[in-house]
Amino acid sequence: MIHRLLGLLFLFLASFSVAFSQQSNSAALIKLKIDKLGTLGTALYFAAHPDDENTRLIAYLANDRKYRTAYLSLTRGDGGQNLLGTEQGIELGLIRTQELLAARAIDKGEQYFSAAYDFGFSKTHDETFSFWKKEDILREAVYLIRKLQPDVIINRFPPDSRGGHGHHQASAMLAKEAYEAAADPKRFPEQLKDLKPWKAKRIVWNTANFGGMNNTSEEQLKVVLNDYNPLMGYSYGEISAMSRSEHKSQGFGSASNRGKTTEYFDHVAGEKATQDLFDGVNTTWERLAEPVKPIEVKIQEIQKAYDLNQPENSIKSLVELHTLVKALKPSVYRDKKIQDIEDIILSCAGIVAESIASKPNFVVDQDFPVNNEIIKRASNIEVKLIAIDDKQIGDVLPANETKKYEAQKSINHWTQPYWLEKPNSLGKFDIEDQDFGFPENQNNPSTKFKLEVAGLPITFEKPVEYRYVDPVRGEIHQPVSISPVLTASISSSQALLKTGEKKTISLIIKNNSDQNQKAQLSLKQTDGLTISPNQESFEIPANEISVKTFEISNPKNSASSEIQPLLNAEPIHSFKKISYQHIPDITWFPLVNLKVKGLEINNPLKKIGYIHGAGDLVPSALENIGVQVDLLNSDLLTSTNLKQYDAIIVGIRAYNVSHNANQWLPVLFDYVEQGGTVLAQYNVNSRMSTNKFGPYPFEINRDRVTEEDAKVTFTEENDPILNYPNKITMKDFEGWVQERGLYFASNIAPEYRTPLSMADKNEQQNKGSLLVANYGKGKFVYTSLAFFRQLPAGVPGAIRLFVNLLAKNEKN
């Protein structure tokens with residue numbers, strides 16, 4: 001019942017989040033924007049991942065204190081786990097980027113990123129910096145500090161073990177070093193062509209009490225957050241819950257709270273604050289050291305005269321304010337306030353503009369039609385549409401009448417996310433300096449509108465979108481993507497070959513254009529493979545596909561090889577789309593290649609039943625070695641229908657995401673007792689719908705081995721798990737990716753065998769990664785080993801061990 005109520009609350013908050021974030025032109029939020037014009041202060045929140053940020057504090061600083069408030073997430077969260085689907089790595093980072101943008105749309109902060117790649121959990125900052133290239137990430141953090149010029153930098157974490165894992169510690173260390181380096185003209189002097197050194201007033205650590213660790217203290221700086229913002233209609237606790245609940249892939253749906261709360265801050269560097277975060281910071285216009293009295297008087301006049309029922313009455317004074325501000329010397333504050341004033345003028349005039357395409361995707365350099373729509377909803381203000389994309393129009397917009405203008409566009413580049421244009425290292429994306437820091441591409445398809453509002457020229461851009469109506473969700477807007485003319489998908493990205501074995505691989509080539517395309521396919525390989533055929537010429541009709549098959553073998557038994565398909569002598573890119581209702585559709589174009597690995601394996605498995613948990617790619621990895629995998633609905637499990645399977649696998653985090661695991665697990669235990677095999681994969685040790693994880697007791701803790709090459713010890717070399725049907729040796733633990741395992745077991749009943757022991761450097765050996773028990777006539781396995789990463793990556797030793805865990809043996 002509790003889980004059902006939490007689920008309903010999650011949906012309730014999600015629906016409020018969407019509605020709340022879309023009310024940017026409401027009269028109340030226009031008033032809030034006007035009130036912000038009188039404040040010139042900036043806060044930069046600094047942490048490692050999406051979902052690390054304190055959304056309550058960001059909402060408070062941005063909307064109560066009215067500071068410009070930004071969050072720098074060093075990574076895009078690529079190394080986390082995905083509660084919603086099977087996306088991992090780069091694809092998960094794409095999802096979490098959009099979740100962060102959705103969160104910022106609610107709490108009104110700004111979002112930035114460094115080029116650091118989230119390679120997975122690390123226990124120390126030393127390990128983190130060995131991947132992140134510390135000096136590069138420091139340079140990027142310094143760039144953003146110099147660009148935004150924050151008065152206060154706020155860490156989410158401390159630089160030591162209190163910060164949790166290594167990424168958190170590293171973020172705190174980088175923040176302090178960046179705070180110091182940004183003020184030093186000798187550090188990264190190449191940035192000073194466009195920027196200037198900047199010294200923030202202070203850097204503090206936003207301490208907290210969560211995760212069983214209380215780092216707050218009454219001796220620390222305390223800031224009481226006011227409960228309620230009437231212009232937004234919510235308390236900051238409610239706004240925080242809506243914002244944080246956008247991190248859906250991480251399962252961070254949050255309940256709202258009301259009432260005053262206190263945030264605590266520990267001093268790190270700079271001038272120590274005693275009363276307030278912005279002690280000693282002049283956040284008025286006077287900080288610009290220019291004659292600004294007329295500006296302050298005009299803002300007060302606008303604030304006092306603002307009419308919630310007729311926001312357009314403020315436009316004339318806003319235009320006058322725009323003139324006063326533009327006359328100032330260029331600065332980060334002057335330039336930002338000009339943008340803010342223009343945005344408020346457009347909102348007061350009720351301007352809504354859209355650029356709508358007829359399809360969600362077009363190809364590079366293809367002409368396609370767009371329908372540009374614009375409406376002015378204020379009746380007593382003159383707005384002239386000067387031009388669209390530099391095409392002169394000159395129309396005076398009537399009140400409350402949508403005007404439509406047809407146009408043609410052609411985009412000369414793909415909409416590949418900019419941080420994925422080049423191959424990334426294990427710790428960092430390779431990006432160009434001009435792109436750095438932005439959450440998304442700055443050159444995605446857009447349309448430029450030039451207006452004249454009450455005589456003031458204002459130019460703004462709107463994204464080109466595909467608009468349609470969903471019968472359930474209503475009107476949907478999705479970004480338009482620009483793809484290569486020819487894209488392809490491959491039947492499998494991994495080919496695991498025994499000595500002498502041959503496999504047939506299919507390449508599905510898609511012509512995304514409206515014209516026939518001629519192509520020549522060739523297959524480039526790295527080492528020792530036989531490919532037949534290895535080249536072919538053909539023509540693909542417009543908007544059609546062509547399927548090409550080729551057979552590969554590995555006569556030299558090479559341990560690892562790669563096949564790179566080429567079209568017209570160029571690498572082929574695939575077309576991938578990620579779709580979830582809480583974020584816009586995401587398209588990206590990864591390279592197509594085929595990794596070929598030698599795999600010596602005895603595999604008696606024919607048919608497996610798979611109960612999905614949070615989502616993983618283990619089923620397709622098993623199919624790649626010839627196993628039939630049936631996906632099972634946990635609600636329909638019976639002992640009778642399980643008898644047809646060699647084994648049953650429980651997917652990752654199934655005990656977390658299933659609302660009734662305590663009901664279907666006994667069915668699995670009965671299946672084991674009658675002679676079956678069940679393998680359950682890792683679960684997180686919170687929010688589980690069962691407290692009985694196996695036929696005999698054990699607990700799940702937060703222990704993990706994060707070093708993918710950590711030494712593994714066999715505690716019982718003769719254990720059947722290590723000997724049938726494949727002899728497992730230390731070689732089988734070579735080439736693992738990201739980690740050994742996570743959320744290990746503890747307090748393990750003596751009925752379980754624990755044949756493996758492992759540990760990260762300088763830690764005690766841990767036997768909680770693999771539990772095996774004979775139960776009745778069958779075998780139950782619980783494993784925290786990261787098979788959900790190893791099997792899709794085609795790690796041969798992990799596949800051999802996984803087959804052993806599933807295979808039936810008289811000795812079990």
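- The name an unreviewed UniProt entry assigns to the protein is PIG-L domain-containing protein, from the organism Sphingobacterium cellulitidis.

1. Comments concerning the nonpolar core
- Phe46, Trp285, Ile345, Ile374 and Leu451 are the most contacted members of the largest nonpolar core, which totals 90 residues.
- If we ignore the near neighbours within four places in the chain, the residues touching Leu451 are Leu346, Ile351, Ile374, Val383, Lys384, Leu385, Ile386, Leu456, Pro457, Ile458 and Phe460.
- Counting 81 residues, the second-largest nonpolar core is a separate cluster that includes Phe693, Val781, Tyr782 and Phe788.

2. Re the packing of aromatic side chains
- Using the criterion set out here, one finds 25 aromatic pairs in the structure.
- Ring centres of Tyr466 and Tyr468 lie 5.5 Å apart, and the angle between their planes is 25°; this geometry places the pair in the stacked category.
- Here the aromatic rings of Phe733 and Trp736 are separated by 5.4 Å at their centres, their planes lie at 25°, and the arrangement is stacked.
- When its relative accessible area of 5% is taken as the criterion, Trp736 is described as buried.
- Positioned above the aromatic ring of Trp419 is the side chain of Arg76, whose terminal nitrogen or guanidinium carbon lies 3.4 Å from the ring centre.
- Above the face of the Trp736 ring, Arg740 is positioned so that its terminal group lies 5.2 Å from the ring centre.

3. Some points on the pairing of strand β12 (residues 351-357)
- Burial analysis of β12 places six of its seven residues in the buried class, the great majority of the element.
- Note: β12 against strand β14 (residues 368-376), seven bridges, orientation antiparallel. Among the inter-strand pairings, Ser355 is bridged to a residue of β14, identified as Asn372.
- In the sheet, β12 pairs with strand β19 (residues 456-470) via three bridges, with the strands oriented parallel. Note that in β19 the partner of Ile356 across the bridge is Glu465.

4. Overview of the pairing of strand β2 (residues 68-73)
- Most of β2 sits inside the fold, with six of its six residues counted as buried.
- Neither face of β2 is left uncovered, since the one carrying Arg68, Ala70 and Leu72 and the one carrying Thr69, Tyr71 and Ser73 both have all their residues buried.
- Where strand β1 (residues 42-47) lies against β2, six bridges are found, and the strand directions are parallel. The residue of β2 that forms the bridge with Ala47 is Ser73.
- Read as a crossover between parallel neighbours, the route from β1 over helix α3 (residues 55-63) to β2 is right-handed.
- As paired elements, β2 and strand β3 (residues 110-113) share four bridges and run parallel to each other. From the neighbouring strand, Ala70 faces β3, where its bridge partner is Glu110.
- Note that the unit made of β2, helix α4 (residues 90-107) and β3 has a crossover that is right-handed.

5. Overview of the sheet that holds strand β35 (residues 628-632)
- Across the sheet, six strands lie side by side as β35-β34-β36-β37-β45-β44; this open sheet has mixed pairing. Each edge of the open sheet is held by one strand with a lone partner, namely β35 and β44 (770-775). Adjacent strand axes in the sheet meet at a mean angle of 20° when their direction is disregarded.
- Across the sheet, helix α17 (residues 796-806) touches β34 (607-611), β36 (647-650), β37 (677-680), β44 and β45 (778-783), and the angle it forms with β37 is around 135°.

6. Description of the sheet that holds strand β4 (residues 152-155)
- Ordered by their spatial adjacency, seven strands build an open sheet running β3-β2-β1-β4-β5-β11-β8, and the pairing between neighbours is mixed. At either margin of the open sheet sits one strand with a lone partner, and together these are β3 and β8 (221-225). When strand polarity is set aside, the average angle formed by the axes of neighbouring strands in this sheet is 30°.
- Lying over the sheet, α3 contacts β1, β2, β4, β5 (202-207), β8 and β11 (261-270), oriented at roughly 75° with respect to β8.

About the thresholds
- Residues numbered from 1 in each chain as written.
- Predicted model: local features only at pLDDT ≥ 70, side-chain atom pairs only at ≥ 80, totals over all residues.
- Heavy atoms only, no water.
- Core = buried A, V, L, I, M, F, W, Y, C linked by side-chain atoms within 4.5 Å.
- Buried < 20%, exposed > 50% of the residue type's maximum accessible area, 1.4 Å probe, protein only.
- Contact = heavy atoms within 4.5 Å.
- Phe/Tyr/Trp six-rings, centres within 6.5 Å; stacked < 30°, edge-to-face > 60°.
- Lys NZ or Arg CZ within 6 Å of the ring centre and 35° of its normal.
- Helix = DSSP H or I, 4+ residues; strand = E, 2+ residues; numbered from the N terminus.
- Pairing = 2+ DSSP bridges.
- Right-handed = clockwise from strand over helix to strand, strands pointing away.
- Axes fitted to C-alpha atoms, helices over the stretch in contact; angles between N-to-C directions.

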